[in-house]
Amino acid sequence: MKRDALPLLDSLQPGMPAVPVAVAWGDGIGPEIMDATLRILAAAGARIAPQRVDIGEQVYLAGHSAGIAPEAWDVLRSTRVLLKAPVTTPSGGGFKSLNVTLRKTLGLYANVRPCTAYAPWVATKHPGMDVVIVRENEEDLYAGIEHRQTAEVYQCLKLVSRPGCERVVRHAFEYARAHGRRKVTCMVKDNIMKLTDGLFYRVFEEIGAEYPEIAKDRMIVDIGAARLATRPERFDVIVTPNLYGDILSDIAAEVAGSVGLAGSANIGTGAAMFEAIHGSAPDIAGQDAANPSGLLQAAVMMLVHIGQPQVAATIRNAWLRTLEDGLHTADMAGPATRLTLGTAAFAQAVIERLGQAPTQLPTSGFGAEGSARHGSGQVASTVSGAGPARAAKAPPAKQLMGVDVFVDAPGIAPDALAAALAPAADGSPMSLSMITNRGVKVWPNGLPETFCTDHWRCRFLAGESPANVGHADIIGLLSRLVAAGIDPIKTEYLCSFDGEPGFSLGQGQ
Ligand code: NAD
């Protein structure tokens with residue numbers, strides 16, 4: 001849906017200093033729920049100056065493969081805050097995820113998704129649920145670095161950085177402190193991914209120590225996900241790497257009630273984006289049937305972020321009162337529903353309750369006006385994830401110790417492969433120390449039962465004097481391997497950092 005005139009926006013400038021905010025109407029139900037949301041914001045006196053940006057289906061189809069118009073970047077650069085309705089990704093290949101593009105380009109490192117039950121007004125099996133998932137938003141397997149290496153094997157790189165972990169973990173603790181939350185649970189799989197997930201948990205422990213008033217907890221993500229689905233009441237704030245967070249936050253939203261209820265904040269050092277968690281719902285678009293609550297909750301988070309927490313609280317309290325009064329959209333309809341309303345009528349019901357508070361659900365207060373934790377009263381430059389400065393550490397002493405050479409060798413036995421590889425190390429400080437296949441050691445002393453593909457990791461390691469390994473040794477090794485008819489398809493240098501090996505030592509569990 002295209003809009004040429006935006007009369008609504010004029011009413012949002014009540015003469016107070018207004019914060020410029022980029023607004024994207026999106027696709028499907030996007031325009032309906034955005035209109036409803038902006039009407040409520042205007043009626044509540046939100047001091048924002050919306051600036052329209054075009055994203056979504058029409059932009060994709062106009063030939064911009066990321067789904068965002070080039071001129072929109074200028075608006076985003078100047079406002080640094082985006083309130084975004086959902087977009088439709090056209091079917092067929094060649095289109096990139098708009099959300100991934102926005103997160104990476106704007107450096108939105110933390111995705112914050114509160115998932116709350118509103119029982120008995122919205123039916124749920126877990127009435128006491130009140131969980132906030134803080135998901136790392138830029139790294140992990142979402143780096144999008146994938147390769148096909150052999151006829152049989154493909155890989156996806158999981159990249160985790162210390163600064164990335166520090167920012168999201170600090171954001172989780174700052175969020176907990178700012179919102180009176182008592183516990184932060186770190187969910188990782190560091191029993192298997194000891195270096196990458198191990199780093200995430202180590203950073204959690206380091207930064208968590210600066211927040212003595214907040215309880216800390218660690219769970220392996222598999223049992224953590226199971227517990228979140230069955231006993232969500234035991235969780236408060238959860239911080240977790242990107243892929244786990246993606247899955248956990250959908251589980252949590254589903255368990256809490258309707259997909260139409262939850263909003264999310266994508267927070268960066270210099271920008272922030274706020275949106276509903278659901279998609280563009282083309283099945284109900286244009287019918288005045290969509291629930292605007294998810295986008296409204298996102299807008300409430302945005303108001304806190306830009307330093308208007310009292311307006312945020314007024315809106316949220318009116319919205320809670322609307323739920324308690326049994327005025328629901330169709331997706332929320334249940335035993336507590338008194339009247340099922342369309343999108344516009346639901347927004348009107350919230351507007352009529354501005355200034356009222358819920359009688360049974362807990363009221364919301366987000367702090368004093370202009371003192372929000374996540375904004376300076378201007379915009380997103382002072383988000384909490386930046387945190388207090390940490391003392392700069394000297395870079396660790398790095399030493400090259402050897403190389404893992406990955407080779408493409410179909411239909412060969414491990415012993416025969418080792419015999420073909422080993423002579424290539426002659427004359428270098430390294431020797432062949434191990435061969436694995438899909439992470440399982442097959443040489444020396446492999447088991448005949450192990451199923452092997454055509455993709456082998458061959459470790460050449462210096463034993464006695466690692467100081468002598470240089471890049472030239474590795475290049476020489478590779479040249480000799482190729483001359484011997486071996487097909488290397490990738491190398492990983494093996495380094496130690498301050499004497500600690502920077503690589504996993506053997507097979508996984
Ligand atoms: P969806 O979330 O749009 O819809 C799933 C179901 O939930 C549908 O039955 C829909 O009617 C219902 N629903 C969703 N939001 C609702 C609301 N506010 N009120 C009432 N009912 C609601 O998921 P989908 O159908 O898988 O995806 C549709 C499109 O949305 C796809 O093109 C997808 O790529 C896109 N999408 C966009 C975003 C985003 O922009 N952040 C997120 C998810 C999906």
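Residues numbered from 1 in each chain as written. Predicted model: local features only at pLDDT ≥ 70, side-chain atom pairs only at ≥ 80, totals over all residues. Heavy atoms only, no water.

## Notes on the site of the ligand
Around the ligand sit 19 residues, and of these V87, G279, A281, D283 and N291 come closest. Between the ligand and V87 there is a distance of 3.0 Å, counted from an oxygen atom to a backbone nitrogen or oxygen. Contact between the ligand and S280: an oxygen atom at 3.0 Å from a main-chain N or O atom of the residue. Burial of the ligand by the protein amounts to 66% of the accessible area it has alone, namely 810 Å². Within the shell around the ligand, the residues separate by chemical class into eight nonpolar, seven polar and four charged. (Near = heavy atom within 4 Å. Polar contact = N/O pair within 3.5 Å; in protein donor to acceptor, adjacent residues only side chain to side chain. Areas by Shrake-Rupley, 256 points an atom, 1.4 Å probe, with all protein chains shown as cover. Nonpolar A, V, L, I, M, F, W, Y, C, P; charged D, E, K, R; others polar.)

## So, the side chain of R170
Mapped onto the elements of the fold, R170 is located in helix 6 (residues 162-178). Note on R170: relative accessible area 2%, which makes it buried. Looking at R170, its side chain comes within polar contact range of the side chain of E210, at 3.0 Å. (Helix = DSSP H or I, 4+ residues; strand = E, 2+ residues; numbered from the N terminus. Buried < 20%, exposed > 50% of the residue type's maximum accessible area, 1.4 Å probe, protein only.)

## What about helix 4 (residues 72-79)?
Of all the positions in helix 4, only A72, W73, V75, L76 and T79 are classed as buried. Projected down its long axis, helix 4 carries its buried residues within an arc of 160°, all on one side. Across helix 4 from its buried face, at more than 90 degrees, point the exposed residues R77 and S78. Where helix 4 is buried, its residues contact strand 1 (19-24), strand 2 (48-52), strand 3 (81-84) and helix 5 (98-105). (Arc of directions from axis to C-beta. Contact = heavy atoms within 4.5 Å.)

## Brief notes about the packing of helix 10 (residues 293-305) against helix 11 (residues 309-324)
Between helix 10 and helix 11, the shortest axis-to-axis distance is 7 Å and the interhelical angle comes to 155°. With respect to each other, helix 10 and helix 11 are oriented roughly antiparallel. Handedness of the crossing formed by helix 10 with helix 11: left-handed. The segment helix 10 lies against helix 11, with S293, L296, Q297, V300, L303 and V304 engaging P309, V311, A312, I315, R316 and W319. Taken together, the residues of the contact of helix 10 with helix 11 break down into nine nonpolar, two polar and one charged. (Axes fitted to C-alpha atoms, helices over the stretch in contact; angles between N-to-C directions. Parallel < 35°, antiparallel > 145°, perpendicular 65-115°, else oblique. Left-handed = near helix turned anticlockwise from the far one by under 90°.)

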